[in-house]
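Summary of the model geometry
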Amino acid sequence: MHPAASQRLFSFLGFLFFFSVIGSAQELAIVETVPRPNQVDVSAFSDILLRFNRPVSADWLNEGTLQVIGEKSGAVVGTLSIQPDGLGAVYTPQRPFLPGDRVAVILVKQPGRPETLLKQGYIWEFYIKPERGSREFKSIQTQIGLTLTSLAAADFNQDGRIDIAVTGRKGTADWLILLYFRDGRWVKGDSLLLPHRVRPLSAADLNRDGTPDLVLVHRGRTRYSLPPRISTVLVDRGRLVLGQTIDLLYAQLGYAEPRGVAVHDYNNDGWLDIAVAIRNDDQRSGLVYPNDGTGRFPTQRPPVVSFSKEKFAESIFCADLNRSGFIDIGFGYSLNPAKVELHLNDGALNLKPWRVLDNLSADLELGAAADLTGDGNADVVLGD
């Protein structure tokens, strides 16, 4: 063979071999998490483990790209360490989880990475085991001077104990009040005058400062008596600060009123978004308001996402219903007959109808999703 031809053949074979090696590389994947997805009996002192099929790189797995957020405790501060074999990492919280808390672990999406897992991000949830009590209940009452409309429970002062936020009316004014349990009694904290009546109220760490904030759903005494709105209230070192009042694109919804919210990270960016269930006459039941990364929410579409072709939504809930690593959304409806509609999320806020459970005889005003059977899959519970 001519030397030049031999050199060309060698280069060609080397070219094929190089691409063969690259093509055979394993796609990056999570092979194990501890706690398990949807696990319901996790110790308050648990660490968090992720195991991968390829070595971990601190460039893409670090304390900035792994977020841990408790529903009742807010963003969880901790330290991340790579395991000796390089295939996993352990996140150790600085303090125990709150008993009964719902905890989300978010591998934040990194769009510039070549691996699909890192481009899309990944979320899983688990639940902290409640402490065993005496099984005896004692009524501890306090007078706060309001006709109550809503209540939410979370650790609003970061002392490791659950506090309460309540809304209610005094005369013609609506108020939000924080209550702390100290020395066997409820003690009033800060209060805030509100723009409208509230029902219901949800706690979530919107600005990721480690303290749960509040999302208020405004509903009048009669249906459609208020423009459809929600508000956010930030909790800043014990102070209540009115954040943002959002009109729910009502010009496009016809007669409408919000019935509830489900706050979670729906686009895997490490920030909690707000999904709203809306009872309306124009067949649009769902809106998602993405967090802008500061605890505020754009109000126009896009980035606001509307979905569902049904009306008369009564309840909303969220969970990873198909173990995809993305948080999905479900609605309960008061149609005749009533039904449940589940929407799958692809991690980019493209929400598609998945399953419908119909011929139910109730107004489904309450909804939740959690693993009731111990098989690792989220089950759905609804009630009137």
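What you see is a predicted model; the values in this text were computed from it and never measured. (Residues numbered from 1 in each chain as written. Predicted model: local features only at pLDDT ≥ 70, side-chain atom pairs only at ≥ 80, totals over all residues. Heavy atoms only, no water.)

Turning next to the packing of aromatic side chains. Applying the stated rule across the entire model yields seven aromatic pairs. Relative to phenylalanine 126, the ring of phenylalanine 97 has its centre 5.9 Å away and its plane inclined at 85°; by these criteria the two rings are edge-to-face. Of this pair, phenylalanine 97 sits in the loop between strand E7 (88-93) and strand E8 (102-107) while phenylalanine 126 sits in strand E9 (residues 122-128), and the two are 29 residues apart along the sequence. Phenylalanine 97 sits in the buried class, given a relative accessible area of 5%. The class for phenylalanine 126 is buried, based on a relative accessible area of 0%. Look at phenylalanine 331 and tyrosine 333: their rings are 6.0 Å apart centre to centre, the planes differ by 50°, and that puts the pair in the tilted class. (Phe/Tyr/Trp six-rings, centres within 6.5 Å; stacked < 30°, edge-to-face > 60°. Helix = DSSP H or I, 4+ residues; strand = E, 2+ residues; numbered from the N terminus. Buried < 20%, exposed > 50% of the residue type's maximum accessible area, 1.4 Å probe, protein only.)

What follows is about the side chain of aspartate 371. Structurally, the position occupied by aspartate 371 is in the loop between strand E26 (366-370) and strand E27 (379-383). Here the side chain of aspartate 371 touches threonine 373 through a polar contact of 3.2 Å, landing on its backbone nitrogen. Engagement of the side chain of aspartate 371 in a polar contact is seen with the backbone nitrogen of glycine 374, the distance being 2.9 Å. If sequence neighbours within four positions are ignored, aspartate 371 has contacts with Asn38, Val40, Gly376, Asn377, Ala378 and Asp379. (Polar contact = N/O pair within 3.5 Å; in protein donor to acceptor, adjacent residues only side chain to side chain. Contact = heavy atoms within 4.5 Å.)

Let us look at the side chain of glutamate 314. With respect to the element layout, glutamate 314 can be found in strand E22 (residues 313-319). Within the local environment of glutamate 314, its side chain forms a polar contact with the side chain of arginine 279, the two groups lying 2.5 Å apart. Not counting residues up to four positions away in its chain, the partners in contact with glutamate 314 are Arg259, Arg279, Gly332, Tyr333, Ser334, Leu364 and Glu365.

Before going further, it helps to spend a moment on the environment of leucine 179. Mapped onto the secondary structure, leucine 179 falls in strand E12 (residues 173-182). On the basis of relative accessible area, leucine 179 is assigned to the buried category, the value being 6%. Each C-alpha atom, one on leucine 179 and one on isoleucine 164, is 5.1 Å from the other, the two residues being 15 residues apart in sequence. Discounting residues that sit within four places of it in the chain, leucine 179 has contacts with Ile144, Asp163, Ile164, Val166, Trp186, Val187 and Lys188.

Note that all results are geometric; they support no functional claim without further evidence.
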